[in-house]
Amino acid sequence: MKLNDEESDILAGKMGVVAQQALQHQIKVGEFFGAEDFVPVTQAHLMADTESLGEAGVRWLENLAATDDGRRQVRIPTITDPRGTDFSKAALLGQTSAMLGLERRAIAALVKLGVAMTDTCINYQTIQAPTRNEHVAFGDTGVVIYSNSICGARSNFEGGPSALSAGLTGRTPRYGFHLPQMRRATLRLDVEFTPTSLNGWGALGGVIGRIAGNYWAVPVIDGIQSAPRSDQLKHFGASMASFGSIALFHLPGLTPEAAELRDVATPGLPSLRVTKADIDELQNSYHTDDHVDVVVFSAPQLSLFELRELAELCEGRRFTVPMLAVTSPQVKPDADRMGYTARIEGAGGSVLSGMCFYQSYAREISEANGWKRLATNSAKLVNILGGYGYRPMLASMEACVDAAVSGRLARI
Amino acid sequence: MKASLFRARHAIGRIVRGTTLVAHDGFSARYDLDRINGVFSRPTHKLAGQSYVGKILVLDTAKGGVATAWMLHEMQSRGIVPLALVFNSVNPILAQGAALGDVSMLAGFDEDITSAIPNGVEVEVNPQMSLLTVMSYQMDGPICRNE
């Protein structure tokens, strides 16, 4: 990779050992993908839950943070994805003191590195959405696909080590979706049905993700009626990224790089049709039981509007199985002030903050609580949890609330 | 001895030799693995129930989220890790995870590598040469492909 003078100084250790190690890591990744040089980035978003980090990852962070040369801190705003717990609700989840201890060590190390503990996967709704053509280094695939597609920003999937490296060096290797030519559509989907529910949007994203199939695919999706809301696109993108590892999509007339189809698509692009039956089939494939052990709203964290809707559905209800609603530390105080938290918890639910269900030792909390059959309106969550031993089922928010009351999930 | 060589467009890591575990399926450490017991745990994965420890995984493409970037490092620290990864295509997360976790990886071939490589055979992964070599004792010389 071509390095400028500043990058050469970083690599030589003139900016400190932490930045040096970060750039060395970035060069390995950049050379793997044939990046010619680096591009400056303005923000970094870092996934570092301790189930992923483990003891080894926490020690790795602590070693970086122990560097005492006065130059160990990030040089651009660097924020965090959800943590592995809500400390105030850890007992409810059945998490152990060892898990919480590891979380506290990771937090302490990240703070020493100058990272802001925002603990959110909806930073584009709560912290600061990137702007068109802004180069960023974001982790969490849902954050990346929303930022690329809806905001027109430029980011690859940056896993924890690379997002932290970008924070420490202020740059990232220029490959993938930092390059204009990689952002053009590679396939076209003609959608015959526009969902209205969040689970429907998630299921549509899942269908498209499966079809598109890999990170380098860029679907352009035609046929969406009306302007989707931010929460609908949040579930749509997060699911597409989860099912297909997709980082960018275009909606002609809706997303910023595709005022018209021809702006992103060349004539003769491979084309496929997506029907309502495809969406229903994906949802039905997960409905493997009529009973539920737990109901979860998470992945991505809920916006204030989602919590408002959930609070209304909880009015006058009494849950017989646990119902967890997970939001960000930025939204939670507003949900408290607006009375949404009290209404949800008044029905027997729990509002958790700063974590995400699948990033919170999902296997262990399943075993601790006997949670296997899980109902959710998040297509992303059902795609993830099978490997953790759950039988996840996808349904509307209304059906999930009903299931929390009766213990039974109605079939669509 | 006869060997088959496959050239990759992307490579990282050290030279390793081991036994393949092959499937035309995706890969995510978070979505697909029971990392405590070292087996594929997603029920719908084609390798469900099989151990990945010490194997050279030959799979189609990267799926899912960003956790693999940390998890390869974590698995490496406990010795519950694949020996190497060989994929038709990868996303940045796998490359970042391989770089941090010191896991050898090849990706990007001119043919479907999951069809070309048999399951359970010994192969050599050579990132320095960007080459995957299938060792076969029934044949008498190397066959070079994708060059």
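Residues numbered from 1 in each chain as written. Chains lettered and ligands numbered in written order. Predicted model: local features only at pLDDT ≥ 70, side-chain atom pairs only at ≥ 80, totals over all residues.

K.L.:
I tried to follow the overall build of chain A on my own but got confused; where do I start?
P.N.:
A tally of helices and strands in chain A yields 17 helices and 13 strands. On C-alpha atoms alone, chain A measures out to a radius of gyration of 21 Å, which is about the 22 Å that the 2.2 N^0.38 rule sets for 412 residues. Considered along the principal axes of its C-alpha atoms, chain A spans approximately 65 × 55 × 35 Å. Across the 412 residues of chain A, 57% fall into the buried class. Put simply, 78% of the contacts in chain A that link residues at least 6 apart link residues at least 24 apart. (Helix = DSSP H or I, 4+ residues; strand = E, 2+ residues; numbered from the N terminus. Rg over C-alpha atoms; globule rule 2.2 N^0.38 Å. Buried ≥ 20, exposed ≤ 12 C-beta atoms within 10 Å, placed from the backbone. Contact = placed C-beta atoms within 7 Å.)

K.L.:
How should I be thinking about the packing of helix H2 (residues 17-32) of chain A against helix H3 (residues 92-101) of chain B in this particular structure?
P.N.:
When two helices pack together, you describe them by how their axes are tilted relative to each other and by the distance separating the axes. Between H2(A) and H3(B), the shortest axis-to-axis distance is 9 Å and the interhelical angle comes to 135°. The angle between the axes of H2(A) and H3(B) places the two elements in the oblique class. Judged by the twist between their axes, the crossing of H2(A) over H3(B) is right-handed. Counted together, His25(A), Lys28(A), Val29(A) and Phe32(A) of H2(A) and Pro92(B), Ala95(B), Gln96(B), Ala99(B) and Leu100(B) of H3(B) form the full contact between these two elements. Across the contact of H2(A) with H3(B), the residue classes break down as 6 nonpolar, 2 polar and 1 charged. (Axes fitted to C-alpha atoms, helices over the stretch in contact; angles between N-to-C directions. Parallel < 35°, antiparallel > 145°, perpendicular 65-115°, else oblique. Left-handed = near helix turned anticlockwise from the far one by under 90°. Nonpolar A, V, L, I, M, F, W, Y, C, P; charged D, E, K, R; others polar.)

K.L.:
What is the right way to look at the environment of Trp371(A) in this model?
P.N.:
Residue and element names in this part refer to chain A. Structurally, tryptophan 371 can be placed in the loop between helix H15 (362-369) and strand S12 (373-376). A sequence separation of 103 residues divides tryptophan 371 from glycine 268, and the C-alpha atoms of the two residues are 48 Å apart. Setting aside residues no more than four positions away along its own chain, tryptophan 371 makes contact with Asp293, Val294, Ile365 and Ser366.

K.L.:
Sorry, what's going on with the interface of chain A and chain B here?
P.N.:
The extent of an interface is frequently quoted as the accessible surface area lost upon association of the parts. Facing the 31 residues of chain A at the interface are 33 residues of chain B. The element contributing the most residues to the side of chain A that touches chain B is helix H3 (residues 50-65) of chain A, with 5 residues. Among the residues forming the side of chain A that touches chain B, the class breakdown is 11 nonpolar, 17 polar and 3 charged.

K.L.:
In this structure, what is going on with the pairing of strand S9 (residues 104-107) of chain B? I would like to understand it.
P.N.:
Working note: regular strand, side chains alternate between the two faces of the sheet. All names here are of chain B. Alternating positions in S9 separate into two faces, Ser104 and Leu106 on one and Met105 and Ala107 on the other, with burial throughout. Relative to S9, strand S2 (residues 10-12) is paired through 3 bridges, and the arrangement is antiparallel. In the sheet register, alanine 11 faces S9, and the bridge partner there is leucine 106. Where strand S8 (residues 84-89) and S9 come together, 4 bridges link them in parallel fashion. What sits directly across from valine 86, in S9, is leucine 106. Traced from S8 through H3 to S9, the parallel crossover comes out right-handed. (Pairing = 2+ DSSP bridges. Right-handed = clockwise from strand over helix to strand, strands pointing away.)

K.L.:
Whenever I open this one, the nonpolar core confuses me. Can you help?
P.N.:
Soluble globular proteins: nonpolar side chains tend toward being buried together. Ranked by internal contacts, the top residues of the largest apolar core, which has 178 residues, are Ala325(A) and Val86(B). The residues touching Ala325(A), leaving out its near neighbours within four places in the chain, are Phe297(A), Leu302(A), Leu307(A), Leu310(A), Ile344(A), Gly349(A) and Val351(A). (Core = buried A, V, L, I, M, F, W, Y, C linked by C-beta atoms within 7 Å.)

K.L.:
What should I look at first to understand the sheet that holds strand S11 (residues 350-353) of chain A in this one?
P.N.:
Picture the strands of a sheet paired through backbone hydrogen bonds; they go either parallel or antiparallel. Residue and element names in this part refer to chain A. Read across the open sheet, the 5 strands follow the order S11-S10-S9-S12-S13; overall the sheet is parallel. Edge strands, defined here as strands with exactly one partner in the open sheet, are S11 and strand S13 (391-394). For this sheet the average axis-to-axis angle between neighbouring strands, irrespective of direction, equals 25°.

K.L.:
I would appreciate a short explanation of the sheet that holds strand S4 (residues 137-138) of chain A in the present structure.
P.N.:
All names here are of chain A. Spatially, the 3 strands line up as an open sheet ordered S3-S2-S4, and their pairing is parallel. Looking along the sheet, the strands with just one partner apiece sit at the ends: strand S3 (78-80) and S4. Pairing geometry for strand S2 (residues 44-46) and S4, over 2 bridges, is parallel. Paired with alanine 44 across the strands is alanine 137, a residue of S4. Running at roughly 145° to S2, helix H8 (residues 160-169) makes contact with S2, S3 and S4 of the sheet.

K.L.:
Whenever I open this one, H8(A) confuses me. Can you help?
P.N.:
The periodicity of an α-helix, 3.6 residues per turn, causes residues three or four positions apart to be oriented the same way. Across the 10 residues of H8(A), 10 count as buried, placing the element largely inside the fold. Note on H8(A): the residue one or two positions beyond its end, Gly170(A), has a positive phi of about 75°.

K.L.:
I tried to follow unusual backbone geometry on my own but got confused; where do I start?
P.N.:
One can expect most non-glycine residues to show negative phi and most peptide bonds to be in trans. Cis peptide bonds are those with omega within 30 degrees of zero, and the linkage from Ala299(A) to Pro300(A) qualifies with 0°. Examined against the element boundaries, Pro300(A) turns out to sit in strand S9 (residues 294-302). With a phi close to 55°, Asp119(A) is a non-glycine residue in the positive phi region. On the secondary structure map, Asp119(A) appears in the loop between helix H5 (97-112) and helix H6 (123-126). Asp119(A) sits in the buried class, given 23 other C-beta atoms within 10 Å. Phi at Asp102(B) is positive, roughly 55°, even though this residue is not glycine. Topologically, Asp102(B) is positioned in the loop between H3 and S9.

Without other data, these values stay purely geometric and don't point to any function.
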